[in-house]
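# Tertiary structure, described
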Amino acid sequence: MQMQQTQPAHLHMCAQRSLRLSTNHGPYLQGKVLVDLSNNLKKGIYPEANAEYLQRLVPGAAVVKGLNTLSAWALQNGLLAGKQAYLCGDSAEAKQAVSEVCTRLGLQVLDRGSLVEASSEHRPGPHCILLLLPAHQGVIYAKVEKKEDISFRIMISLANKVFPIVSLVMLSLCYLPGVIASFIQLYRGTKYRRFPDWLDRWMLCRKQIGLVALGFAVLHAVLTFIIPIRYSVRHKLISRVVDEMKKNKTTPFDFDNTEAWGTDSLLILGSVGFFLYVILGISSLPSVGASLSWREFNFIQSKLGHLTLFICTAHGYIYGWNKLMLPSTYKWYTPPGYMLCLIVPSVVLVLKVVLLLPCVDRTLTRIRQGWE
Amino acid sequence: MQMQQTQPAHLHMCAQRSLRLSTNHGPYLQGKVLVDLSNNLKKGIYPEANAEYLQRLVPGAAVVKGLNTLSAWALQNGLLAGKQAYLCGDSAEAKQAVSEVCTRLGLQVLDRGSLVEASSEHRPGPHCILLLLPAHQGVIYAKVEKKEDISFRIMISLANKVFPIVSLVMLSLCYLPGVIASFIQLYRGTKYRRFPDWLDRWMLCRKQIGLVALGFAVLHAVLTFIIPIRYSVRHKLISRVVDEMKKNKTTPFDFDNTEAWGTDSLLILGSVGFFLYVILGISSLPSVGASLSWREFNFIQSKLGHLTLFICTAHGYIYGWNKLMLPSTYKWYTPPGYMLCLIVPSVVLVLKVVLLLPCVDRTLTRIRQGWE
Amino acid sequence: MQMQQTQPAHLHMCAQRSLRLSTNHGPYLQGKVLVDLSNNLKKGIYPEANAEYLQRLVPGAAVVKGLNTLSAWALQNGLLAGKQAYLCGDSAEAKQAVSEVCTRLGLQVLDRGSLVEASSEHRPGPHCILLLLPAHQGVIYAKVEKKEDISFRIMISLANKVFPIVSLVMLSLCYLPGVIASFIQLYRGTKYRRFPDWLDRWMLCRKQIGLVALGFAVLHAVLTFIIPIRYSVRHKLISRVVDEMKKNKTTPFDFDNTEAWGTDSLLILGSVGFFLYVILGISSLPSVGASLSWREFNFIQSKLGHLTLFICTAHGYIYGWNKLMLPSTYKWYTPPGYMLCLIVPSVVLVLKVVLLLPCVDRTLTRIRQGWE
Ligand SMILES: Cc1cc2nc3c(=O)[nH]c(=O)nc-3n(C[C@H](O)[C@H](O)[C@H](O)COP(=O)(O)OP(=O)(O)OC[C@H]3O[C@@H](n4cnc5c(N)ncnc54)[C@H](O)[C@@H]3O)c2cc1C
Ligand SMILES: Cc1cc2nc3c(=O)[nH]c(=O)nc-3n(C[C@H](O)[C@H](O)[C@H](O)COP(=O)(O)OP(=O)(O)OC[C@H]3O[C@@H](n4cnc5c(N)ncnc54)[C@H](O)[C@@H]3O)c2cc1C
Ligand SMILES: Cc1cc2nc3c(=O)[nH]c(=O)nc-3n(C[C@H](O)[C@H](O)[C@H](O)COP(=O)(O)OP(=O)(O)OC[C@H]3O[C@@H](n4cnc5c(N)ncnc54)[C@H](O)[C@@H]3O)c2cc1C
Ligand SMILES: NC(=O)c1ccc[n+]([C@@H]2O[C@H](COP(=O)([O-])OP(=O)(O)OC[C@H]3O[C@@H](n4cnc5c(N)ncnc54)[C@H](OP(=O)(O)O)[C@@H]3O)[C@@H](O)[C@H]2O)c1
Ligand SMILES: NC(=O)c1ccc[n+]([C@@H]2O[C@H](COP(=O)([O-])OP(=O)(O)OC[C@H]3O[C@@H](n4cnc5c(N)ncnc54)[C@H](OP(=O)(O)O)[C@@H]3O)[C@@H](O)[C@H]2O)c1
Ligand SMILES: NC(=O)c1ccc[n+]([C@@H]2O[C@H](COP(=O)([O-])OP(=O)(O)OC[C@H]3O[C@@H](n4cnc5c(N)ncnc54)[C@H](OP(=O)(O)O)[C@@H]3O)[C@@H](O)[C@H]2O)c1
Ligand SMILES: CCCCCCCCCCCCCCCC(=O)OC[C@H](COP(=O)(O)O)OC(=O)CCCCCCCCCCCCCCC
Ligand SMILES: CCCCCCCCCCCCCCCC(=O)OC[C@H](COP(=O)(O)O)OC(=O)CCCCCCCCCCCCCCC
Ligand SMILES: CCCCCCCCCCCCCCCC(=O)OC[C@H](COP(=O)(O)O)OC(=O)CCCCCCCCCCCCCCC
Ligand code: HEM
Ligand code: HEM
Ligand code: HEM
């Protein structure tokens, strides 16, 4: 148990769940303000939040939960100017006292309500799990790969197939629920009925889906940038020249205009799509989002988002079209992949176009304005 | 019209501009708090803000405008912990009541003043328009291109000429007004007179200009990274080897030291310039900017910004110098482009150097300190 | 001295340290609120903050320091909606009055305590200095380079050796203090004694070290992406083909499977490491960090950080292993570099593995829970 005497004599900091607290300090703490800045080392090991437990142990003290999102060293060294501190507590005066100390430390204080709220800070971290997904996926596929007894060297090729496909499908899954919602509203002719639960939940996790999709797209871009550095690619280039020289010494090496057209549009569509993708990501940074009005944010996320989906789908189609005329070396997994991954985006785009038809759009707008 | 009974019996939410509100609910709503969370589906269709209109309809109720920047689903599902909510309203008690509900939902409440302020949330979104510019520009040029009956395959080459040129010119346009302002102050000998209006407005949109310029620079970088993947580039490489082999079988293929020097400094200057460019962009993210002091922010934006401009201009000069000795294949559009785009940056840099001369700098500093 | 009459008659803005203030305006300013929005043009030229100086000059007025982080033009043009304004001052009423004006301008007001705090805004800017480091380092090495009479063309090659090495060492220096701290706690058997001062200070600047390391890593990535565009690389490729053709006209150009395996794992490990590195950077943006709980933030920074270190170290090892079998052309500087840079990361990783052994981990956890 850790106890630190801070400036105001009646303020106490407590950073550890303690079993010895009540017996030792109970009477001493009557009428004092107790600041609980602990986090449990592991989640879910205690049924109630530390702060609530403390309050139960020392009913006479006013417990304020907070500061637990800050670094202990920074706290001790007063290097916290400008940081935000969250406080929860049942006693307004206690919170006021803690708030004053915090302001003196340069902290910006945000009141987060009563003590019961404190538990909600211990929410599980879905944000983090999804961050590991891309790396994980890569590892799994690398393993599958090795089992298939295909040489390690096409690991990058495989990753560069899986990542963009997953990214494109996830991107379309961001925009599918919005389209479904519109059709439900059109079918019902009213907006005053709740959507089914699955749709509701799906719509609420679109941001997470979109960010993971962005992560895969970034990996695809990086893996594409390094293509020409790879030994196998350089080797193929050299051996093609050598072949060329040996075979047709007389015929001039001819330029295939269609292929030039194909690769160039593939690349420009990919680049522009990726650019818009990153803009979507930047606009979902909390501080950027907060500085945009709802209309601006919606314009970027909805209009620009559909444009991104359209451009990335076109990029995928051109890749497929190129495939038909290019002699592909790595055949396994390819045919299903690049064709299957275009189904969901195409469906979303077609449905969206239907919704944009003047007559449908008018009806939908009227429904959304509350006319029935 | 949508009506939701929330926890406190006297609080009502209203998410739609309603024509039937006054007749139906008028008397019922006397003395109640009305929360207006609507946004008009299209801008400028009504002369007054929805909240003001509501207030006129139900004069007896206290209208509070807010929460309209949050997602309706998130609102319904209580998944808003940590989000910011803006409230406007004429009645302090009404705002207090709404604020309490918001805090209970985990929202962080920010008071934005009286109800008249509400309209200002409906400001037009200049931020968004500029985001589409790069994509748009690309499309226009692609069209011009096709009309000129030059094959689609040099689309990337053209985009990779237009984007960096536009970016460099826009970057210099960020730093031109500051220089002009200094000369005006030097000429006038005082800082106590307003700048001409055009200069004022120009200075206010430098951030927007800079971000669009960054967007173009990023596109230039991405298009540069993919150069070696392009079919036409690979083809040129192969045919050069084949040519080489056929022509001078005996002469050793010699290494051009000047060209190696040229491309390498082109690339390193571009990379460092791009790096600093992105740092400028990161420091203009609202939350990063807010955590820097004015002095630090100004150091990055002004000193580092001029350094970025200098390095990017040098990059452009080396490109021009390279051009003179490299046999260029795509001749049209090039000569004006890369030469014209260096004029504005060069002028800005020369003027800035003049301002940094000790005597001029001393005079300027004295003027800015208020000495006359 | 600059004086602007704002809406409330008793509010005055003062943007310049003035020597003529007391004599001219002293009596006139009694009982008025004085807003000091100045920053000194150079640091440390006056012993006290401008606001304190002002207060001493006009003891009868209530001085509020603030708004000095905002742009003067934006301030004059009322384009500040949504921006944050910090206020410091001794008089609560004066701050209230300024706060009201600010709210009317659309500013979000944050109270930063009493006037003495104002000086702390003039803290030196360590953030900025480190931003110049990468550029600077590059310049120094370029100079060393020229003195060594080695051609300018390997500037990129040298930069692309120095940057990743510095980045990897700095990354491991981010995680070394945490490991040392754990061993100190293990040795002492208690957590209730302060760490030595140097360790304390080291731990506090880990964020800065990490961000600089990220900057170097980004430069390494960009310089790697442009490798195949370089003239010298293209030249080497062509001359290798020509050589190949001349020497072994009969033998088929054979594919080295080990080398393919080597470069591909080098590249995939680099890409994944870089991806995780950027995630670390994004999560340390103030607004992203603030939206994560302490547990989530710690998970990303500590767990994901060690994973990043592991992957980047493996990337370095594979590079060294590749080196042994590849005929390296640029020999100087290389052998010490890539081998030395692996020492610190390896030590950190080995120590971390020791700490993760079940028995050690259990003891450490008990110590950290306060059991002795
Ligand atoms: C990189 C990336 C980042 C992302 N970041 C975010 C993020 O930060 N936050 C986020 O929410 N999503 C995010 N997304 C997901 C996605 O971009 C958004 O959810 C996007 O707004 C969905 O657009 P939509 O038009 O399909 O849906 P919505 O705009 O939600 O529309 C869906 C349905 O809601 C109804 N509706 C919409 N507007 C109205 C209205 N004015 N009146 C009545 N009914 C209406 C209609 O029924 C409509 O069909 C992100 C995606 C990506 C790829
Ligand atoms: C990627 C990118 C992002 C950008 N983001 C931003 C952004 O977020 N915000 C932004 O404002 N700009 C931004 N810009 C634009 C630009 O970088 C800044 O406006 C930059 O500060 C201009 O520097 P300056 O020295 O020319 O102008 P300033 O520093 O404004 O100086 C201009 C003139 O103001 C006067 N002046 C300046 N300081 C003083 C002083 N202390 N006392 C008296 N007079 C003074 C002088 O007359 C001076 O010549 C961005 C640019 C880019 C490329
Ligand atoms: C790109 C990049 C960005 C970065 N950004 C940041 C940033 O924004 N902020 C930042 O702080 N760092 C940042 N860092 C540095 C680094 O990632 C973090 O400091 C990281 O948390 C260190 O992890 P650690 O496990 O070594 O240290 P810590 O998690 O601090 O652990 C160090 C020691 O503290 C003690 N300790 C830790 N947790 C507990 C506990 N619950 N109870 C008791 N004792 C404990 C133990 O003695 C432990 O050994 C960044 C690094 C990089 C590369
Ligand atoms: N959408 C937003 O994120 C949002 C946020 C703030 C303000 N606004 C503004 O508010 C006005 C109207 O907004 P709104 O509240 O009607 O929300 P909306 O998001 O504009 O529209 C969502 C539509 O879906 C309905 N809906 C949401 N969840 C549902 C569910 N689970 N089951 C069935 N239907 C569901 C809504 O019905 P209900 O009528 O029951 O909500 C509404 O018809 C517009 O002017 C908009 O600009 C919208
Ligand atoms: N520049 C900023 O963004 C800013 C913000 C906060 C604090 N400060 C601090 O305030 C002190 C002085 O600042 P400042 O207010 O003089 O602003 P400044 O930005 O430092 O200087 C701007 C200069 O341009 C002048 N100016 C601005 N708009 C003008 C216009 N439309 N027409 C003519 N001249 C115009 C200002 O005159 P006026 O004298 O009429 O303003 C001032 O001379 C410095 O210590 C600075 O650090 C500056
Ligand atoms: N670490 C954080 O950043 C942080 C922030 C908020 C809440 N929490 C929560 O608080 C609880 C325990 O945290 P904690 O306060 O013990 O901090 P901690 O960061 O979890 O642990 C740091 C450990 O290092 C010790 N320490 C820090 N600086 C030291 C120094 N200069 N010399 C010697 N030892 C030093 C601390 O001792 P002391 O006992 O003297 O602090 C503590 O043993 C956990 O549940 C954690 O989740 C941690
Ligand atoms: C291919 C990658 C593309 C990356 C594109 C970066 C483009 C920059 C344009 C940003 C537009 C942001 C939309 C917000 C609209 C707006 O103005 O919003 C206005 C807000 C609020 O401004 P005010 O409150 O000051 O008016 O400003 C911002 O939010 C500034 C956002 C800056 C973003 C810089 C991001 C730097 C990160 C760079 C990543 C580099 C990737 C490199 C890949 C090789
Ligand atoms: C070529 C692209 C270059 C990209 C460069 C990324 C460099 C990282 C250095 C960031 C410096 C930020 C300046 C703020 C100074 C500061 O310390 O400011 C201090 C602030 C406030 O910190 P505290 O309040 O916690 O002290 O911290 C920050 O703002 C952290 C900024 C983190 C930035 C990470 C950005 C990640 C985005 C990565 C883009 C990747 C592009 C990839 C291209 C291929
Ligand atoms: C190789 C480069 C890798 C770049 C990776 C970008 C991956 C995107 C995943 C971001 C994960 C952020 C962690 C925060 C967890 C979270 O969800 O955190 C949740 C928070 C808070 O969300 P709410 O409060 O709205 O719930 O959301 C965010 O913080 C959104 C972060 C968006 C980040 C977008 C960054 C764009 C910059 C792109 C750089 C591009 C580089 C290009 C190089 C070629
Ligand atoms: C920097 C931008 C991009 C570039 C340069 C680029 C380039 C490429 C290239 C060269 C290929 C062929 C890969 C191969 O031969 O194995 C490809 C495939 C593909 N790309 Fe992109 N791309 C970019 C961005 C995107 C984005 C943002 C998406 C959307 C999610 C995407 C989706 C796809 C898909 C689905 C494939 C087919 C994958 C397969 O089946 O092999 N790309 N891209
Ligand atoms: C990643 C960083 C960069 C790299 C690798 C890079 C590389 C290049 C290359 C190879 C060219 C020649 C293009 C061609 O042959 O068509 C070029 C041209 C050019 N670059 Fe960059 N560059 C970078 C960043 C920048 C930046 C930040 C700017 C500033 C705005 C810039 C401005 C220019 C200009 C103006 C040209 C001449 C365009 C023309 O007329 O064709 N570059 N760059
Ligand atoms: C985009 C991701 C990355 C790619 C494609 C990549 C690729 C490469 C390549 C091709 C080399 C050999 C360079 C040469 O031949 O001169 C290399 C070296 C190296 N890389 Fe990376 N890398 C990446 C990210 C990283 C990261 C994040 C680190 C960690 C700091 C790192 C650390 C190193 C080190 C230490 C070397 C050895 C440098 C030397 O001694 O020459 N790399 N990398």
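Look a little higher up for the structure.
Below is a short write-up of the structure. Quick caveat: nothing in here was measured; it's all calculated off a predicted structure.

## Quick look at the overall build of chain A
Looking only at helices and strands, chain A features 15 helices and 6 strands. Each of the 372 residues in chain A was classed as buried or not, and the buried ones make up 50%. Of all intrachain contacts in chain A linking residues separated by at least 6 positions in sequence, the fraction that spans at least 24 positions is 68%. In the structure as shown, chain A presents an accessible area of about 17700 Å², 64% of it carried by carbon and sulfur atoms.

## Examining the coordination of the iron atom of ligand 11
Residue and element names in this part refer to chain B. The coordination sphere of the iron atom of ligand 11, as far as protein atoms go, consists of H220 (NE2) and H315 (NE2), spread over 2.0 to 2.1 Å. Every donor counted, the 6 donor atoms about the iron atom of ligand 11 form angles of 87 to 180 degrees at the centre, which fits octahedral coordination. Pair noted here: H220 is in helix α8 (residues 206–225) and H315 is in helix α12 (residues 294–325), with a separation of 95 residues, a long-range link.

## A few points about the site of ligand 3
Within the structure, ligand 3 sits among 23 residues, and C:Y175, C:G178, C:S182, C:S302 and C:R368 are positioned closest to it. Flanking ligand 3 are residues from chains A and C. C:S182 is positioned such that a nitrogen or oxygen atom in its side chain is 2.3 Å from an oxygen atom of ligand 3. Protein contact buries 85% of the 960 Å² of open area that ligand 3 shows by itself. Residue assignment for the shell around ligand 3 shows that the elements contributing at least two residues are α6 (155–188), α8 (206–225), α10 (257–283) and α12 (294–325) of chain C. The class makeup of the residues in the shell around ligand 3 is 10 nonpolar, 10 polar and 3 charged.

## Some details on the coordination of the iron atom of ligand 10
At this site the iron atom of ligand 10 is bound by A:H220 (NE2) and A:H315 (NE2), with donor distances of 2.0 to 2.1 Å. A relative accessible area of 22% means that A:H220 is categorised as partly exposed.

## Details of the packing of helix α10 (residues 257–283) of chain A against helix α6 (residues 155–188) of chain B
It is at 9 Å that the axes of α10(A) and α6(B) come closest, and there the two elements cross at 40 degrees. Our classification of the angle between α10(A) and α6(B) gives oblique. Together, A:D264, A:S265, A:L267 and A:I268 of α10(A) and B:M155, B:I156 and B:A159 of α6(B) make up the contact between the two elements. Taken together, the residues of the contact of α10(A) with α6(B) break down into 5 nonpolar, 1 polar and 1 charged.

## Overview of the pairing of strand β4 (residues 62–66) of chain A
Residues and elements named next belong to chain A. Of all 5 residues making up β4, 5 are buried, and the element is well covered by its neighbours. Sheet analysis places strand β3 (residues 33–36) next to β4, joined by 4 bridges and oriented parallel. Directly across from L34, in β4, lies its bridge partner V63.

## Here's the deal with the site of ligand 12
The environment of ligand 12 is made up of 19 residues, and the closest members are C:K161, C:H220, C:H315, C:Y319 and C:Y338. Looking at the residues close to ligand 12, they fall on chains A and C. Within the side chain of C:K161, an N or O atom sits 3.3 Å from an oxygen atom of ligand 12. In the model, a nitrogen atom of ligand 12 is placed 2.9 Å from a nitrogen or oxygen of the C:H220 side chain. Counting only elements with at least two residues in the shell around ligand 12, the list comes to α6, α8, α10 and α12 of chain C. The residue inventory of the shell around ligand 12, partitioned by class, reads 12 nonpolar, 6 polar and 1 charged.

## Describing the packing of α6(C) against helix α7 (residues 197–204) of chain C
All names here are of chain C. Axis separation between α6 and α7 bottoms out at 9 Å; the angle between their running directions is 140 degrees. Of the possible angle classes, the one that applies to α6 and α7 is oblique. Judged by the twist between their axes, the crossing of α6 over α7 is left-handed. Taking contact as the criterion, the partners of L173, L176, P177, G178, I180, A181 and I184 in α6 are, on α7, W198, L199, W202 and M203. Tallied by class, residues from the contact of α6 with α7 come to 10 nonpolar, 1 polar and no charged.

## A look at the pattern of salt bridges
Where side chains of opposite charge bring their charged atoms close, a pairing between them can arise. All names here are of chain A. A full pass over the atoms with the stated rule returns 9 salt bridges over all chains. Across the pair R201 and D197 runs a salt bridge whose closest N-O atoms are separated by 3.9 Å. Of the two residues, R201 and D197 are both situated in helix α7 (residues 197–204); the distance of 4 residues between them amounts to about one turn of the helix. The exposed category is assigned to R201, whose relative accessible area is 55%.

## Quick notes on the side chain of C:S167
Residue and element names in this part refer to chain C. Tracing the backbone through its elements, the reader meets S167 in helix α6. What makes S167 buried here is its relative accessible area of 3%. With residues near it in sequence (within four places) discarded, S167 still touches A213, F216, A217 and Y277.

## Brief notes about the packing of aromatic side chains
All names here are of chain C. Summed over all chains, the structure comprises 12 aromatic pairs over all chains. Relative to W321, the ring of W261 has its centre 6.2 Å away and its plane inclined at 70 degrees; by these criteria the two rings are edge-to-face. Remark: W321 occurs in helix α12 and W261 occurs in helix α10; sequence separation between them is 60 residues. The partly exposed category is assigned to W261, whose relative accessible area is 35%. Since its relative accessible area comes to 36%, W321 is described here as partly exposed.

## Here's the deal with a nonpolar patch on the surface
Where nonpolar side chains cluster on the molecular surface, the patch consists of A:L340, A:I343 and A:V347 and spans about 270 Å² of accessible area. Along the chain, A:V347 falls in helix α14 (residues 343–356).

Basis of the calculations
Residues numbered from 1 in each chain as written. Chains lettered and ligands numbered in written order. Predicted model: local features only at pLDDT ≥ 70, side-chain atom pairs only at ≥ 80, totals over all residues. Heavy atoms only, no water. Helix = DSSP H or I, 4+ residues; strand = E, 2+ residues; numbered from the N terminus. Buried < 20%, exposed > 50% of the residue type's maximum accessible area, 1.4 Å probe, protein only. Contact = heavy atoms within 4.5 Å. Areas by Shrake-Rupley, 256 points an atom, 1.4 Å probe, with all protein chains shown as cover. Donors = N, O, S within 2.8 Å, 3.2 Å for Na, K, Ca; no water. Tetrahedral: all angles 85-135°; square planar, octahedral: opposite > 155°, others 65-115°. Near = heavy atom within 4 Å. Polar contact = N/O pair within 3.5 Å; in protein donor to acceptor, adjacent residues only side chain to side chain. Nonpolar A, V, L, I, M, F, W, Y, C, P; charged D, E, K, R; others polar. Axes fitted to C-alpha atoms, helices over the stretch in contact; angles between N-to-C directions. Parallel < 35°, antiparallel > 145°, perpendicular 65-115°, else oblique. Pairing = 2+ DSSP bridges. Left-handed = near helix turned anticlockwise from the far one by under 90°. Salt bridge = Lys/Arg side-chain N within 4 Å of Asp/Glu carboxyl O. Phe/Tyr/Trp six-rings, centres within 6.5 Å; stacked < 30°, edge-to-face > 60°. Patch = residues over 30% accessible without salt bridge, like charges linked within 9 Å, V, L, I, M, F, W, Y side chains within 5 Å.

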